[in-house]
Each structure stands twice: as structure tokens, then as C-alpha cells.
Amino acid sequence: MSSTVPPELLRADEPAPFQIVQPQARSRFVLCCDHAGRRLPQALGDLGVAAAELQRHIAWDIGAAEVSLRLAEALDAVAILQPYSRLVIDCNRPLIAEDSIATISEDTEIPANKNLDSDAKAQRAKTIFEPYHAQLQAALDARMNQSPSPILVSMHSFTPVYRGVARPWAIGVLYHRDARLGHALLALLRAENQWPVGDNQPYAVDDEHDYTVPQHGEKRGVAHVEIEIRQDLIDSTEGQTQWAGILARLLPVAAAAIP
Ligand SMILES: [Zn+2]
């Protein structure tokens, strides 16, 4: 089966591949949410995936957008959210990664992503990945000369059970080469003494599986943290408000020592 490339991946009446919230916000924090939505471009139909599967965590980060929006408001921060499903293209994977456009996610096959030719892959990158990251870059560009310096907070959520294994952490703090903000936030969360806090759990940031932190944080010297919240804690308004409140309280404290 060879892939067919639709003339336009996104039609004029479909949302942009980024949502910018509070573009003029004044705080040093720049929030992003790579997996905010589960929208599919109409040109791609359902990707050959059953509707129930497209509601699951494989398609998006459940609750992460709502926490990001509330956190942005509380911190007076700009937030950039990506509304299309990660099954279209994963905005937190390098384009060269094998699962940039996943053909299987957990145990679900994504038939329409199989045997894509280079034109079809390039179209997804050009239409969704690149414009989203250009907006994130621009938001940081606009704040690079500010004092204190901008801080990138990359917001995600994780499934409580993955391949039958329960994950104990309520929240994970993820970082790689630059641990300034990560270590500070980790210490503050653990000092609350209320929940298991993951140190680079359930994932660690690396160059192979991450794009946002390496590209916009590490390469630019922008202090940053990637945050993963367990989805069952933020699948309700109460949980979303609670976790946005916790982070809005602790992030400025964690960032205070960073000039
Ligand atoms: Zn995510």
C-alpha cells in the first residue's frame, strides 16, 4: 500500500496547529503543551483507528491542556498548546525519530501511518510540527533579553497504567543536562510530603525521545523543566485546578535562584 498525500493537510476552516494563550503575558514563564489535543485533520479521516482508541492516552495527554491553561492564568504566563493528536505527528519527538509518526502506540496499530512516503511525512512536519515549534521559539525570542530570564515549562500527563504496570508517581519532574529548575522543583514537591514524586519518572528526557526540552531549553540555555502529571489526578476540573494551584505556588519558588 502506498500512501497518498492530500493536497492540504489542514483546510482553511480547521484550527491552527497552535493555540497561543496570553501572548502578552508578563511573567518569565513560557508554558507549552505538545500533546494538548486529540484533533485529527479531516484529510486524514480517523487514521484507521477505532474511535474509542482515539479517546485514550495514546492520542493525547489527558488533562494537560486544562492544567496548562489554569497555570498560565495563575502565573500570568504565555502558553502555547498543540491541539492535534500526537498520532498525526509527535511534537515532542525529533523528526528523525522512528515514532515521530507512530505506526503503533502502546498496543494499538495506526494503519494510516504505515508506509508513509517522505512527502507525506514532510507534509505533517511542515503543517503541524514546524509552525507549533516556531511559535514556541518566537515566544522565547520575545523574552530572551528580559530579566529575570525566561523559563520554559513543558506540560505533559501520563497514563496511570502502561502495559499492565501501575505507575505510583502523582507527578514526575523531568530534565536532562540542565537540572537547575528540575532539582529545585523536585525538592519542593517532595517537601510537601503528600504524594510520590518521580525524579525523571515515568520518563527521563533524552535527545532521542524528546524534542521540546533539548531544542528550546538546552540548546538556548533557557532554564526549563518537563512536568508529567498522572492522568487520573487531572481528569476532573477539581484535579486540574488543584494541580495548577500546586505548580503555580511552587514554580516561582523553584525558579527564584535562577537569574
Ligand atoms: Zn506528552
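Residues numbered from 1 in each chain as written. Predicted model: local features only at pLDDT ≥ 70, side-chain atom pairs only at ≥ 80, totals over all residues. Heavy atoms only, no water.

**Student:** Is there a simple way to explain the overall build of the protein chain in this structure?
**Tutor:** Along the backbone of the protein chain there are six helices and 11 strands. Here the protein chain has a C-alpha radius of gyration of 18 Å; the compact-globule value for 259 residues is 18 Å, and the two agree. If you line up the protein chain on its principal axes, its C-alpha atoms span 55 × 45 × 30 Å. When each of the 259 residues of the protein chain is scored for burial, the buried share is 54%. Intrachain contacts of the protein chain at a sequence separation of at least 6 include 83% that bridge at least 24 residues. (Helix = DSSP H or I, 4+ residues; strand = E, 2+ residues; numbered from the N terminus. Rg over C-alpha atoms; globule rule 2.2 N^0.38 Å. Buried < 20%, exposed > 50% of the residue type's maximum accessible area, 1.4 Å probe, protein only. Contact = heavy atoms within 4.5 Å.)

**Student:** Help me out: how do you make sense of the coordination of the zinc ion in this one?
**Tutor:** Angles between donor atoms at a metal ideally measure 109.5 degrees for a four-coordinate tetrahedral arrangement and either 90 or 180 degrees for a six-coordinate octahedral one. Those protein atoms acting as donors to the zinc ion are His35 (ND1), Asp61 (OD) and His156 (ND1), and they sit at 2.0 to 2.1 Å. Among the residues examined, His35 registers a relative accessible area of 4% and is labelled buried. (Donors = N, O, S within 2.8 Å, 3.2 Å for Na, K, Ca; no water.)

**Student:** Teacher, can you tell me more about the side chain of Glu106 here?
**Tutor:** Relative to the helices and strands, Glu106 resides in the loop between strand S4 (104-105) and strand S5 (108-109). Overall, Glu106 belongs to the buried group, its relative accessible area being 12%. Separated by 3.1 Å, the side chains of Glu106 and Arg56 make a polar contact. Within the local environment of Glu106, its side chain forms a polar contact with the side chain of His57, the two groups lying 2.6 Å apart. Sequence-distant contacts of Glu106, that is, excluding residues within four places in its chain, are made with Arg56, His57, Ile58, Val161, Tyr162 and Arg163. (Polar contact = N/O pair within 3.5 Å; in protein donor to acceptor, adjacent residues only side chain to side chain.)

**Student:** Hey, could you run me through the pairing of strand S3 (residues 78-81) in this one?
**Tutor:** The side chains of a regular strand alternate between the sheet's two faces. Burial along S3 is two-sided: the face carrying Val78 and Ile80 and the face carrying Ala79 and Leu81 are both buried. Alignment of strand S2 (residues 29-33) against S3, held across four bridges, turns out to be parallel. Considered in S3, the bridge of Val30 is made with Val78. (Pairing = 2+ DSSP bridges.)

**Student:** Looking at this model, I keep getting lost on the sheet that holds S2. Mind explaining?
**Tutor:** Within a sheet, neighbouring strands are paired by backbone hydrogen bonds and run either parallel or antiparallel to one another. The strand order S1-S3-S2-S6-S11-S9-S10 describes an open sheet built from seven strands, whose pairing is mixed. Each edge of the sheet is formed by a strand with only one pairing partner; in this case those strands are strand S1 (19-21) and strand S10 (197-199). Sheet twist, expressed as the average angle between the axes of neighbouring strands with direction ignored, equals 20°. (Axes fitted to C-alpha atoms, helices over the stretch in contact; angles between N-to-C directions.)

**Student:** Help me understand the packing of helix H4 (residues 180-192) against helix H6 (residues 237-255) in this model?
**Tutor:** In helix packing, the relevant descriptors are the interaxial angle and the interaxial distance, both defined with respect to the helix axes. As a packed pair, H4 and H6 sit with axes 9 Å apart at the nearest point and diverge in direction by 130°. One way to sum up the angle between H4 and H6 is to call them oblique. Once H4 is placed against H6, the crossing between them reads as right-handed. Across the interface between the two elements, Leu181, Ala184, Leu185, Leu188, Leu189 and Glu192 of H4 pack against Ile246, Arg249, Leu250, Leu251, Val253, Ala254 and Ala255 of H6. Here the contact of H4 with H6 is composed, by residue class, of 11 nonpolar, no polar and two charged. (Parallel < 35°, antiparallel > 145°, perpendicular 65-115°, else oblique. Left-handed = near helix turned anticlockwise from the far one by under 90°. Nonpolar A, V, L, I, M, F, W, Y, C, P; charged D, E, K, R; others polar.)

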